[in-house]
Amino acid sequence: MDTPPLRHAVITAFLGQTRDRFSEYQQPTDLRQRLELVAGLEGYTGVEVVYPYETGDADQTAAWMRELGLEFAAINANIKKEERFVPGALSRPKRDIRDSAVEIIRGAKDFAEAVGAPHVTVCPLADGYDQLFQVDYPAVWSHAVDAVAAAAAYKPEVPLFLEYKFSETRVHCLLDTCATTLLLIEQARRRTGVDASCLGVTIDFGHAMYAQENPARSIAMCEQAGVPYYLHTNDNDARFDWDLIGASRHFLHYAEFLFYAAEYGYDRCFTTDASPRVFDIAGFFTRHHEATAGLWRLIHSLDRKKYRRLMAEENAIELMRLVNAEVYRL
Ligand SMILES: [Mn+2]
């Protein structure tokens, strides 16, 4: 079977200096340098850029993108960096804080429209709680539903994707799992009556592993709920969000993730949300592309109908034989 082209993108914020609690990694770069770096990497076609910290002038950015032959995967609205958002953004009891977070998402939609990016993605990492008896669960949930509904209703032709993560920066993030995110989207849709296509889930492979999900099943849940999804690729040890090279830890999970993406005809970008830290930047992303594109080709070499027929027949042992022979190549 022919392999459809893999639209492979990179979150550009990882192409400069990053830091954690202990160290700084790599050297600072500006957006133009990051775009040039992606354009020079084998196999990558696009970028996800962070609004408002990387984006700058829309016309200038769009001109650079055309010049370098890159596509936008998404605009990433950052609602966790400002001091007022450090303890949370969309779910806070103070209305002006929630409103200013929605304002950033609206600005990201304006920017996406101006540069022709397909959608906005937001990961509300600061929303959640650290202690028990800290937040009023129904109140913060209700605030988040209202804020997401307000953000979705603005320019609904630019869809908004919500990215979940179990933990970090809060001990327990409000949008912890795929199922929680689907529930919030369902409630926000009902609140506004917005079209089903204007709210989606960003499934980050590593976040799903970290939440003890099977990332492939998370794709299937969104598909069955009729909720659009956008995929981030990386890997980790399922104990922390390490943002490692894809399939460097969970090879078979990664293969199954791509299997279901292929089954459903996923045609948005696969966006690399991975951080080189101590590794050589170009080498790190090249190895990540090899793993992702290689497994994408491998998945398309399989008789997927046969796999699904064997599932219907509950022939788990024959399925494992096929996986050993055709995926692990043992
Ligand atoms: Mn991600």
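Rules behind the numbers
- Residues numbered from 1 in each chain as written.
- Predicted model: local features only at pLDDT ≥ 70, side-chain atom pairs only at ≥ 80, totals over all residues.
- Helix = DSSP H or I, 4+ residues; strand = E, 2+ residues; numbered from the N terminus.
- Rg over C-alpha atoms; globule rule 2.2 N^0.38 Å.
- Buried ≥ 20, exposed ≤ 12 C-beta atoms within 10 Å, placed from the backbone.
- Expected span 1.5 Å × (residues − 1).
- Contact = placed C-beta atoms within 7 Å.
- Pairing = 2+ DSSP bridges.
- Axes fitted to C-alpha atoms, helices over the stretch in contact; angles between N-to-C directions.
- Left-handed = near helix turned anticlockwise from the far one by under 90°.
- Nonpolar A, V, L, I, M, F, W, Y, C, P; charged D, E, K, R; others polar.
- Core = buried A, V, L, I, M, F, W, Y, C linked by C-beta atoms within 7 Å.
- Parallel < 35°, antiparallel > 145°, perpendicular 65-115°, else oblique.
- Arc of directions from axis to C-beta.

(A) Focus on the overall build of the protein. Broken down by element type, the protein carries eleven helices and twelve strands. Relative to the compact-globule value of 20 Å for 330 residues, the protein shows a C-alpha radius of gyration of 20 Å, a close match. Dimensions of the protein, computed from the C-alpha atoms along their principal axes, are close to 60 × 45 × 40 Å. Across the 330 residues in the protein, those meeting the buried criterion constitute 46%.

(B) Representation of unusual backbone geometry in the model. The omega torsion of the bond from Tyr51 to Pro52 falls at 0°, within 30 degrees of zero and hence cis. Mapped onto the fold, Pro52 is located in the loop between strand E4 (46-51) and helix H2 (58-68). Omega for the peptide link from Glu168 to Thr169 comes to 15°, which places this bond in the cis form. Here Thr169 is to be found in the loop between strand E8 (160-163) and strand E9 (172-173). A positive phi angle, near 65°, is found at Ala238, a position not held by glycine.

(C) Structural detail: helix H4 (residues 137-153). End to end, H4 covers 24 Å across 17 residues, agreeing with the expected 24 Å (1.5 Å per residue, within 8%). The set of residues buried in H4 consists of Val140, His143, Ala144, Val145, Ala147, Val148, Ala149, Ala150, Ala151 and Ala152. Each element contacted by the buried residues of H4 is listed here: helix H3 (95-115), E8, helix H5 (178-192) and strand E10 (199-204). Positive phi shows up at Lys155, right after H4, with a value of about 45°.

(D) The sheet that holds strand E6 (residues 120-122), seen in detail. Taking strand neighbours around the barrel as the criterion, the eight strands line up as E1-E4-E5-E6-E8-E10-E11-E12 in a closed arrangement whose pairing is parallel. The mean angle between the axes of side-by-side strands here comes to 30°, regardless of whether they run parallel or antiparallel. Against the sheet, H5 touches E8 and E10, its axis set at about 170° to E10.

(E) A look at the packing of H4 against H5. In contact at an axis separation of 8 Å, H4 and H5 are set at 65° when each is read in the N-to-C sense. Classified by chirality, the crossing of H5 by H4 is right-handed. Of H5, the residues touching H4 (which contributes Ala144, Val145, Asp146, Val148, Ala149, Ala152 and Ala153) are Leu184, Gln187, Ala188, Arg191 and Thr192. A class-by-class count of the residues in the contact of H4 with H5 yields eight nonpolar, two polar and two charged.

(F) Looking closely at the nonpolar core. Formed by 98 residues in total, the largest nonpolar core has its most connected members in Ile75, Ala101, Ile105, Val120, Val148, Leu160 and Val201. Leaving out residues up to four positions away in the same chain, Val148 has contacts with Leu90, Leu162, Leu184 and Ala188.

(G) Main features of the packing of helix H8 (residues 251-263) against helix H9 (residues 281-301). In contact at an axis separation of 9 Å, H8 and H9 are set at 60° when each is read in the N-to-C sense. As judged from the angle between their axes, H8 and H9 are oblique. In the crossing of H8 with H9, the sense of the turn from one axis to the other is right-handed. Seen from H8, the contacting residues are Tyr254, Ala255, Leu258, Phe259 and Ala262; seen from H9, they are Leu295, Trp296, Ile299 and His300. Residues belonging to the contact of H8 with H9 are distributed by class as follows: eight nonpolar, one polar and no charged.

(H) Main features of the environment of Leu37. With respect to the element layout, Leu37 can be found in helix H1 (residues 31-39). The exposure class assigned to Leu37 is partly exposed, which follows from the 19 C-beta atoms found within 10 Å. For the pair Leu37 and Gly193, spaced 156 residues apart in sequence, the C-alpha to C-alpha distance is 42 Å.

(I) Fine view of H5. Taking 1.5 Å of rise per residue, 15 residues should cover 21 Å, and H5 covers 21 Å from first to last C-alpha, within 8% of that figure. Taken as a whole, H5 has its buried residues at Cys178, Thr181, Leu182, Leu184, Ile185 and Ala188. Taken around the axis of H5, the buried residues stretch over an arc of 165°, which confines them to a single face. Of the residues flanking the end of H5, it is Gly193, one or two places downstream, whose phi is positive at about 70°.

(J) Spatial organisation of the pairing of E10. The buried fraction of E10 amounts to six of the six residues, a majority that puts the element mostly inside the structure. Because side chains alternate across E10, one face comprises the buried residues Leu199, Val201 and Ile203, and the other comprises Gly200, Thr202 and Asp204, equally buried. Looking at chain direction, E8 and E10 are connected through four bridges and run parallel. Bridge pairing links Phe161 to Gly200 in E10. Of the strand pairs in this sheet, E10 and strand E11 (residues 229-233) are connected by four bridges, and their pairing is parallel. Looking across to E11, one finds that Ile203 is bridged to Leu231.

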